[in-house]
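Given next are the chains, with one letter for each unit.
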Amino acid sequence: MKHYNVAILGATGAVGRTMLKVLEERDFPIEELKLLASERSAGTEIEFRGNKYVVEAVTPESFEGIDIALFSAGSSRSKIWAPIAAEKGAVVIDNSSAFRMEPDVPLVVPEVNPDDVHLHKGIIANPNCSTIQMVVALYPIHKKKKIKRIIVSTYQAVSGAGAKAIEDLEKETRSKFEGKHYYPEVLPASIAFNVIPRIDVFMENGYTKEELKMLNETRKIMHAPDIKVSATCVRVPVFVGHSESVTIETEEPITPEEAREILKDSPGVIIEDDPENNVYPMPIDVEGKDDVFVGRIRKDLAFENGLSMWVVADNLRKGAATNAVQIAEVLIKYALV
Ligand code: NAP
Ligand code: 3JM
């Protein structure tokens, strides 16, 4: 079997470290591994498959001979380094929002649109975490009953905002118990014992950029340019695991039983739905798992052809690292690297 030279830009971050775990667990065929970040963490040692790797500060030469470059260092860094890595011959799988809506950049969730990878010109985008878990749960229903409208509210973990945001939740929570004052460094408001109805920046129409990512990315991934999505994205004091309250309106009627029947055989979906026995997915239970968990499936009372459900996934895994590694596996399967 062929093995590949892999680089990870952002290897010291919350997503980068999860990528390393996922690559290790899935026995990804790596020939050489290069761990890249900024000058700040150059020299840091990280263990992978029992060997120590030294993190290097990224330079154009970092991408010489690289087959697959996994990026999770933020959108401004992706804009600088992805074209350079692609020019050196690597296929870049980018976790940031930098290129997601570019027409010649495939935006891929392997359970939904794996064949879009064929269109790549050196860069493939990994969607936003909240979009990924929603489309994994909704696409199988869309294929059978055509979804017209989605109304979604998210309950997003702090780890989605990076390693510093994880520290913010921990430090602020501790400080409250110790009677001290700590104000979050990266989150836009107090997070301990609070919820924040803002993720990413506000746009002119009153939605945030994160909320519009859920609209635009869903349309592109599902090839559904007319689907309507209204999202409210909320940060909650949870370390790992995004939850979503999702209501859909379909063109044809759909019963909860039909939805369960469709979802029970859908790739990457696990139904946990037994309310009488208190069975429903929760973030604390999905940490470390790669599937998307769906529960609380019920007829929606506000729409004629309406269905409501609760969707939970590990945002660092299926929402970021696992999806990116799965894209790399699709590239290998189709012999595109
Ligand atoms: P994080 O924990 O803050 O880590 C950021 C990483 O980027 C670190 O490895 C950092 O290295 C590196 N970095 C920062 N500035 C750099 C520079 N100038 N040059 C090279 N490397 C630099 O953040 P994270 O949660 O891992 O997320 C990273 C990015 O992934 C996000 O900004 C976002 O674009 C994307 N993301 C996507 C999803 C998704 O839904 N697909 C989810 C979460 C994040 P140092 O150690 O040197 O600072
Ligand atoms: C998730 O550098 C940045 O602006 C990164 C902001 C960010 C993003 C993004 O826009 O790339 C943080 C967390 C995402 C994302 O997945 O869209």
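Every value quoted in this text rests on a predicted model; they were computed, and no experiment measured them.

This part takes up the state of the cysteines. All told, the structure shown has zero disulfides when counted by the stated rule. The structure places no disulfide on Cys129, whose sulfur is separated from the nearest cysteine sulfur, that of Cys233, by 8.7 Å. By relative accessible area, Cys129 is classed as buried at 12%.

Time to look at the site of ligand 1. Taken together, 27 residues sit near ligand 1, with Thr12, Val15, Ser38, Ser41 and Cys129 positioned nearest. Within the backbone of Gly13, an N or O atom sits 3.1 Å from an oxygen atom of ligand 1. Contact distances for ligand 1 include 2.5 Å between an oxygen atom and a backbone N or O atom of Cys129. The protein chains hide 80% of the 910 Å² of surface that ligand 1 would expose on its own. Within the shell around ligand 1, the residues separate by chemical class into ten nonpolar, 14 polar and three charged.

Turning our attention to the pattern of salt bridges. Taken as a whole, this structure holds 18 salt bridges when the rule is applied. Across the pair Arg100 and Glu217 runs a salt bridge whose closest N-O atoms are separated by 2.9 Å. One end of the pair, Arg100, is in the loop between β7 (91-94) and β8 (123-125); the other, Glu217, is in helix α5 (residues 209-221), with 117 residues separating them in the sequence. Assessed through its relative accessible area of 2%, Glu217 is described here as buried. Between Glu111 and Lys318 there is a salt bridge, with the nearest N and O atoms lying 2.8 Å from each other.

This next bit is on the sheet that holds strand β13 (residues 292-299). Strand-to-strand pairing in sheets goes through backbone hydrogen bonds, with the strands running parallel or antiparallel. In spatial order, the strands read β10-β9-β11-β14-β13-β12; together these six strands make up an open sheet with mixed pairing. A strand with exactly one partner marks an edge of an open sheet, and here the two such strands are β10 (228-235) and β12 (269-271). Across the sheet, the mean angle separating the axes of adjacent strands is 25° when strand polarity is ignored. Across three bridges, β12 lies against β13 in parallel orientation. Of the residues in β13, the one forming a bridge with Ile271 is Val294. Where helix α3 (residues 129-145) meets the sheet, it contacts β9 (147-156), β10, β11 (242-250), β12, β13 and β14 (306-313), and its direction lies at approximately 25° from that of β11. Against the sheet, helix α6 (residues 256-264) touches β12, β13 and β14, its axis set at about 165° to β13.

As a further point, take the site of ligand 2. Every residue near ligand 2 is listed here: Gly74, Ser75, Asn95, Ser96, Ser97, Arg100, Asn128, Gly160 and Lys213. Note that an oxygen atom of ligand 2 is positioned 3.1 Å from one of the backbone N or O atoms of Ser75. Within the side chain of Lys213, a nitrogen or oxygen atom sits 2.8 Å from an oxygen atom of ligand 2. For ligand 2, whose free accessible area comes to 390 Å², the fraction covered by protein is 66%.

Turning to the pairing of β14, a few remarks are in order. The element β14 is largely enclosed, with a buried count of eight among its eight residues. Neither face of β14 is open: one carries Gly306, Ser308, Trp310 and Val312, the other Leu307, Met309, Val311 and Ala313, and all of them are buried. Alignment of β13 against β14, held across five bridges, turns out to be antiparallel. Each bridged residue has a counterpart across the sheet, and for Arg298 the counterpart in β14 is Ser308.

Here we come to the packing of α3 against α6. Following both chains from N to C, one finds α3 and α6 inclined at 115°, their axes separated by 9 Å at the closest point. Relative to α6, α3 is oriented so that their crossing is right-handed. For the pair α3 and α6, contact is made by Ala137, Pro140, Ile141, Lys144 and Lys145 and by Glu258, Ala259, Ile262 and Leu263, respectively. Considering only residue class, the contact of α3 with α6 consists of six nonpolar, no polar and three charged.

For the rest of this paragraph, the subject is the side chain of Arg100. Classification of Arg100 by relative accessible area gives buried; the value is 5%. Polar side-chain contacts of Arg100 include one of 3.1 Å to the backbone oxygen of Ser96. Side-chain polar atoms of Arg100 contact the backbone oxygen of Asn126, separated by 2.8 Å. In this structure, Arg100 is in contact with Asn95, Val105, Leu107, Ala125, Asn126, Pro127, Asn128, Lys213, Glu217 and Lys220, ignoring residues within four places of it in sequence.

Turning next to α3. An ideal rise of 1.5 Å per residue puts 24 Å on 17 residues; α3 measures up with 25 Å between its terminal C-alpha atoms. Counting buried positions along α3 yields 15 of 17 residues, so the element is predominantly enclosed. The residue sitting at the N-terminus of α3 and contributing the capping side-chain oxygen is Asn128; that oxygen lies 3.0 Å from the backbone nitrogen of Ser130. Among the residues trailing α3, Lys146 stands out with phi positive, at a value near 50°.

So, how was this worked out
Residues numbered from 1 in each chain as written. Chains lettered and ligands numbered in written order. Predicted model: local features only at pLDDT ≥ 70, side-chain atom pairs only at ≥ 80, totals over all residues. Heavy atoms only, no water. Disulfide = S-S within 2.5 Å. Buried < 20%, exposed > 50% of the residue type's maximum accessible area, 1.4 Å probe, protein only. Near = heavy atom within 4 Å. Polar contact = N/O pair within 3.5 Å; in protein donor to acceptor, adjacent residues only side chain to side chain. Areas by Shrake-Rupley, 256 points an atom, 1.4 Å probe, with all protein chains shown as cover. Nonpolar A, V, L, I, M, F, W, Y, C, P; charged D, E, K, R; others polar. Salt bridge = Lys/Arg side-chain N within 4 Å of Asp/Glu carboxyl O. Helix = DSSP H or I, 4+ residues; strand = E, 2+ residues; numbered from the N terminus. Pairing = 2+ DSSP bridges. Axes fitted to C-alpha atoms, helices over the stretch in contact; angles between N-to-C directions. Contact = heavy atoms within 4.5 Å. Left-handed = near helix turned anticlockwise from the far one by under 90°. Expected span 1.5 Å × (residues − 1).

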